[in-house]
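Listed below are the residues making up each chain.
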Amino acid sequence: ATTAVSSITTPRLLLRPFARSDTAAIASHCGDLRVARMCRVVPHPYGIAEAEFFVDQVCSRADGRIYAIVLGGHVVGCVGLESISGESATLGYWLGAETWGLGVATEAAGALIDHAF
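Residues numbered from 1 in each chain as written. Predicted model: local features only at pLDDT ≥ 70, side-chain atom pairs only at ≥ 80, totals over all residues. Heavy atoms only, no water.

Visitor: Tell me about unusual backbone geometry, residues and numbers included.
Guide: Put simply, His44 and Pro45 share a cis peptide bond, and its omega is 5°. Locating Pro45 in the fold gives a position in the loop between helix 2 (33-36) and helix 3 (48-58). Look at Ser83: it is not a glycine, yet its phi comes out positive at around 50°. Relative to the helices and strands, Ser83 is located in strand 4 (residues 74-85). Here Ser83 falls in the partly exposed class, since its relative accessible area comes to 45%. (Helix = DSSP H or I, 4+ residues; strand = E, 2+ residues; numbered from the N terminus. Buried < 20%, exposed > 50% of the residue type's maximum accessible area, 1.4 Å probe, protein only.)

And the structure:
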């Protein structure tokens, strides 16, 4: 089963819990219609209030592990596991459009799964 860790590092990335100071980056990425269209639960338009709700409510749920994806010192996305039960979970992620195609999601998801199971 999973145990929350404070952060996970890979050669390029830092996965860490979201903080209130991340809301501008979250709103910027999720406010991009290209990103919102790829997510089943991201509303559009998406602003600071939605980002604050995400950090305060969604990221604190007991049934999941949700991490900011940090590349080059900047939050570029999110990766998480939800509905964790035994050796199974639902993997979810979103990335800012500027990082699409760079292998960031693959690297982040692999690291999270390695640490979770």
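Having put the structure on the table, let's press on.
Visitor: Can you break down the nonpolar core residue by residue, with the values?
Guide: The nonpolar side chains of a soluble globular protein tend to be buried with one another. Membership of the largest hydrophobic core comes to 20 residues, with the highest contact counts inside it found for Phe18, Ile26, Tyr46, Phe54, Ile66 and Trp94. When residues of this core are traced back to their parent elements, those giving at least two are helix 1 (23-30), helix 2, helix 3, strand 3 (64-71) and strand 4. Element by element, the count of residues in this core is highest for helix 3, at four residues. When sequence neighbours within four positions are dropped, the list of residues in contact with Ile66 reads Pro17, Phe18, Phe54, Val58, Cys59, Cys78, Val79, Gly80 and Glu82. (Core = buried A, V, L, I, M, F, W, Y, C linked by side-chain atoms within 4.5 Å. Contact = heavy atoms within 4.5 Å.)

Visitor: Summarise the sheet that holds strand 5 (residues 88-95); cite the residues concerned and give the values.
Guide: Taken together, five strands build an open sheet; the order of strands is 1-2-3-4-5 and the sheet is antiparallel. Looking at which strands have only one partner, the edges of the open sheet turn out to be strand 1 (8-9) and strand 5. Bridge count between strand 3 and strand 4: eight bridges; the pairing is antiparallel. Bridge assignment links Gly64 to a residue of strand 4, and that residue is Glu82. The sheet contacts of helix 4 (residues 104-116) involve strand 1, strand 2 (13-16), strand 3, strand 4 and strand 5, and relative to strand 4 the element is tilted by about 40°. (Pairing = 2+ DSSP bridges. Axes fitted to C-alpha atoms, helices over the stretch in contact; angles between N-to-C directions.)

Visitor: Explain the pairing of strand 4 to me, using residue names and the numbers behind them.
Guide: Linking strand 3 to strand 4, which pair antiparallel, is a turn of two residues; within it Gly72 sits at a positive phi near 60°. Here seven bridges tie strand 4 to strand 5, and the two strands are oriented antiparallel to one another. If you follow Ser85 over to strand 5, its bridge partner there is Ser88.

Visitor: Would you mind going over the packing of aromatic side chains in detail, with residue names and values included?
Guide: A complete count under the given rule lists one aromatic pair for this structure. The interplanar angle of 80° and the centroid separation of 5.3 Å between the aromatic rings of Phe18 and Phe54 together place this pair among those described as edge-to-face. Here Phe18 is found in the loop between strand 2 and helix 1, whereas its partner Phe54 is found in helix 3, with 36 residues between them in sequence. The exposure class of Phe18 is buried, given its relative accessible area of 10%. Residue class for Phe54 comes out buried when judged on its relative accessible area of 12%. (Phe/Tyr/Trp six-rings, centres within 6.5 Å; stacked < 30°, edge-to-face > 60°.)

All quantities given are derived from atomic positions and should not be read as evidence of function.
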